[in-house]
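# Descriptive structure summary
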There are 2 protein chains.
Amino acid sequence: MSRQMVRPGGRSARVQAAVHTAVRELEAELGRDGLTVPLIAQRAEVTPSTIYRRWGDLAQLLSDVAVERLRPDTAPQDHGGLASDLTAWAEQFLDEMASPAGRAYIRDALLGDPDGSNAGQCSAYAADQVDVILTRAAGRGEDTPGVETVVDHVVAPLMYRILFRPAGLDAAHARGLVAGLLEGDAAEK
Amino acid sequence: MSRQMVRPGGRSARVQAAVHTAVRELEAELGRDGLTVPLIAQRAEVTPSTIYRRWGDLAQLLSDVAVERLRPDTAPQDHGGLASDLTAWAEQFLDEMASPAGRAYIRDALLGDPDGSNAGQCSAYAADQVDVILTRAAGRGEDTPGVETVVDHVVAPLMYRILFRPAGLDAAHARGLVAGLLEGDAAEK
């Protein structure tokens with residue numbers, strides 16, 4: 001996330017909120033390629049040097065804004081079983097991430113991220129959602145794979161194909177990944 | 001790759017070779033952040049406008065150079081069996097892609113790639129190597145998964161973790177992905 005700790009409610013948090021809002025507004029008005037640090041600073045009513053000091057450059061600011069937008073705002077839906085919960089989540093994850101906006105945010109998050117912390121945060125969002133699903137299933141007494149196994153077999157193939165190999169990627173592929181994982185697990189037991 | 005067709009031996013191919021060489025030399029001398037289009041043009045003995053016309057901008061040029069460097073220069077080694085061939089290949093793929101140079105090339109390839117063709121080329125390199133291994137195994141009479149299955153279960157998790165979730169990623173993880181795929185396949189039969 002941002003390069004320094006942010007105390008909620010402090011000046012630092014207000015600056016961050018104003019700058020993030022300015023980016024979102026200006027992007028809607030001018031498009032992604034029209035964004036510059038001076039324009040964002042003017043809209044957010046801060047100086048450009050405040051932005052450079054805090055974010056380093058435009059790419060790092062856009063990476064922070066992208067991660068913020070990629071944060072899930074609800075827990076995964078409860079459909080009453082592991083297979084249906086994970087299938088529904090994988091389809092929705094693919095839908096959101098493979099959309100033009102989703103792709104743009106993933107690119108932004110990766111690009112302005114010299115230390116990898118924003119990419120790590122994106123992955124943590126997905127892993128946390130998966131963990132909610134697995135914990136709920138375990139609570140029902142279902143056998144569950146581990147979070148990292150679901151990351152390898154469902155999250156990773158979807159994200160890899162979105163970035164590198166989009167041909168043929170669709171909801172059926174997402175469903176197939178979940179089915180393959182859960183059947184494979186059953187077969188191993 | 002580059003934005004226009006390149007006839008081997010023609011002027012276009014000579015310009016591409018000179019510009020790619022200039023990028024590699026200057027990167028070694030100045031580091032990645034010291035690269036500019038005017039410097040590259042001077043070293044390659046072309047005009048900056050030649051570079052802008054052909055590649056659009058520095059990011060797109062660096063993306064093309066990165067893809068060129070990510071191209072495998074040998075076929076996967078033959079160890080006499082599918083499991084050993086795929087395991088050795090996965091370990092080597094991880095080694096190369098997770099190295100500082102590998103990570104930098106993957107980032108460059110993704111970033112200056114508005115139409116996704118360079119990312120697609122990176123994925124095609126990996127799929128082609130996997131295909132060689134699978135074809136060789138089929139020739140020995142071994143049961144083999146499909147290329148896309150290996151992409152989902154081996155290539156994708158490695159690349160996803162390199163970009164998004166590097167903690168704990170090591171050769172043992174790569175071996176485990178291959179073992180899980182081949183055992184899972186056996187269990188389904």
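In this text the structure is predicted, and so the values were computed from the model without any measurement.

## Details of the packing of helix H1 (residues 11–30) of chain A against helix H2 (residues 37–44) of chain A
Residues and elements named next belong to chain A. Between H1 and H2, whose axes approach to 8 Å, the crossing angle comes to 115°. Helix-helix and strand crossings are classified by hand; for H1 and H2 the assignment is right-handed. Contact residues: H1 offers Ala-18, Val-19, Ala-22, Val-23, Glu-25, Leu-26, Glu-29 and Leu-30, while H2 offers Leu-39, Ile-40, Arg-43 and Ala-44. Its residues assigned to classes, the contact of H1 with H2 shows nine nonpolar, no polar and three charged.

## Some remarks on the interface of chain A and chain B
At the junction of the two partners, chain A supplies 27 residues and chain B supplies 27 residues. For the pair chain A and chain B, the summed buried area comes to about 2600 Å², and 55% of that belongs to carbon and sulfur atoms. There are six salt bridges connecting chain A and chain B. The tally of links between chain A and chain B comes to 17 residue pairs in polar contact (both at pLDDT 80 or more). Secondary structure elements with two or more residues in the side of chain A that touches chain B: helix H6 (100–111), helix H7 (117–139), helix H8 (147–164) and helix H9 (171–188) of chain A.

## Description of the relation of the copies chain A and chain B
Between chain A and chain B, the superposition needs a rotation of 180° and an axial shift of 0.0 Å, giving an RMSD of 0.0 Å. Both copies are brought into coincidence by an operation consistent with a two-fold rotation axis.

## Thoughts on the packing of aromatic side chains
Residues and elements named next belong to chain A. Counting across every chain of the model gives four aromatic pairs over all chains. Between Trp-89 and Phe-93 the ring centres are 4.8 Å apart and the planes differ by 20°, which places this aromatic pair in the stacked class. Taken together, the residues span about one helical turn, with Trp-89 and Phe-93 both in helix H5 (residues 82–98) at a distance of four residues. Phe-93 carries the same exposure label as Trp-89, and that label is buried. The interplanar angle of 25° and the centroid separation of 5.0 Å between the aromatic rings of Tyr-160 and Phe-164 together place this pair among those described as stacked. Taken together, the positions of Tyr-160 and Phe-164, both in helix H8 and four residues apart, correspond to about one turn of that helix. Like Phe-164, Tyr-160 is buried.

## Concerning the nonpolar core
The biggest cluster of nonpolar side chains holds 82 residues, and the ones touching the most others in it are Ile-106, Leu-158 and Phe-164 of chain A together with Ile-106, Leu-158 and Phe-164 of chain B. Leave out the neighbours within four places in its chain, and Phe-164 of chain A touches Ile-106, Leu-110, Ala-119, Gly-120, Cys-122, Ser-123, Met-159 and Leu-163 of chain B.

## Some thoughts on the UniProt feature "domain: HTH tetR-type" (unreviewed entry) in chain A
UniProt tags residues 13–73 of chain A as "domain: HTH tetR-type" (unreviewed entry). Its end C-alpha atoms 20 Å apart, residues 13–73 of chain A is made of 77% helix and 0% strand.

## Examining the layout of surface pockets
Estimates place the volume of the largest pocket at around 1400 Å³. Forming the boundary of the largest pocket are 50 residues, of which Arg-107, Leu-110 and Leu-111 of chain A together with Arg-107 and Leu-111 of chain B lie nearest the centre. Looking at the lining of the largest pocket, the elements with two or more residues in it are helix H4 (58–70), H6, H7 and H8 of chain A together with helix H4 (58–70), helix H6 (100–111), helix H7 (117–139) and helix H8 (147–164) of chain B. With seven residues, H6 of chain A is the largest single contributor of residues to the lining of the largest pocket.

## Digging into the environment of Leu-86 of chain B
Residue and element names in this part refer to chain B. One can find Leu-86 in helix H5 (residues 82–98). Judged by relative accessible area, which is 0%, Leu-86 ranks as buried. Linking Leu-86 and Ala-179, residues 93 residues apart in sequence, is a C-alpha distance of 9.4 Å.

## Looking at the pattern of salt bridges
Scanning the model with the defined rule gives 28 salt bridges over all chains in all. As a salt-bridge pair, Glu-148 of chain A and Arg-165 of chain B come within 2.8 Å of each other at their nearest N and O atoms. Of this pair, Glu-148 of chain A sits in helix H8 while Arg-165 of chain B sits in the loop between H8 and helix H9 (171–188), each in a different chain. For Glu-148 of chain A, a relative accessible area of 36% gives the class partly exposed. Across the salt bridge formed by Asp-85 of chain B and Arg-136 of chain B, the nearest N and O atoms sit 3.3 Å from each other. On the criterion of sequence distance, the pair formed by Asp-85 of chain B in helix H5 and Arg-136 of chain B in helix H7 is long-range, its members being 51 residues apart. Classification of Asp-85 of chain B as buried rests on a relative accessible area of 1%. Through salt bridges that share partners, Asp-78, Asp-85, Arg-136, Arg-140 and Glu-142 of chain A make up one connected network.

## Examining empty space enclosed by the protein
Residue and element names in this part refer to chain B. Considering all chains together, one arrives at one cavity of 30 Å³ or more under this definition. Looking at the largest cavity, its volume works out to about 40 Å³. In terms of lining, the largest cavity is formed by Val-23, Glu-27, Leu-62, Val-65, Ala-66, Tyr-105 and Asp-108. For the lining of the largest cavity, the elements supplying multiple residues, two or more each, are helix H1 (11–30), H4 and H6.

## Focus: H7 of chain A
Relative to the 33 Å expected for 23 residues at 1.5 Å per residue, H7 of chain A spans 32 Å between its end C-alpha atoms, a close match to the ideal helical length. Its buried side turned inward, H7 of chain A meets H4, H5, H6 and H8 of chain A together with H8 of chain B. Phi for Gly-141 of chain A, located one or two positions after H7 of chain A, is positive at around 90°.

Parameters at a glance
Residues numbered from 1 in each chain as written. Chains lettered and ligands numbered in written order. Predicted model: local features only at pLDDT ≥ 70, side-chain atom pairs only at ≥ 80, totals over all residues. Heavy atoms only, no water. Axes fitted to C-alpha atoms, helices over the stretch in contact; angles between N-to-C directions. Helix = DSSP H or I, 4+ residues; strand = E, 2+ residues; numbered from the N terminus. Left-handed = near helix turned anticlockwise from the far one by under 90°. Contact = heavy atoms within 4.5 Å. Nonpolar A, V, L, I, M, F, W, Y, C, P; charged D, E, K, R; others polar. Buried area = accessible area lost by both parts, 1.4 Å probe. Salt bridge = Lys/Arg side-chain N within 4 Å of Asp/Glu carboxyl O. Polar contact = N/O pair within 3.5 Å; in protein donor to acceptor, adjacent residues only side chain to side chain. Least-squares fit on C-alpha atoms with pLDDT ≥ 70 in both. Phe/Tyr/Trp six-rings, centres within 6.5 Å; stacked < 30°, edge-to-face > 60°. Buried < 20%, exposed > 50% of the residue type's maximum accessible area, 1.4 Å probe, protein only. Core = buried A, V, L, I, M, F, W, Y, C linked by side-chain atoms within 4.5 Å. UniProt positions renumbered as here; feature names shortened; annotations may be inferred. 1 Å grid on protein atoms, 1.4 Å probe; cavity = no way out; pocket = protein on both sides within 12 Å on 5 of 7 lines; lining within 4 Å. Points joined across faces, edges and corners; volume = space filled by probe spheres on them. Expected span 1.5 Å × (residues − 1).

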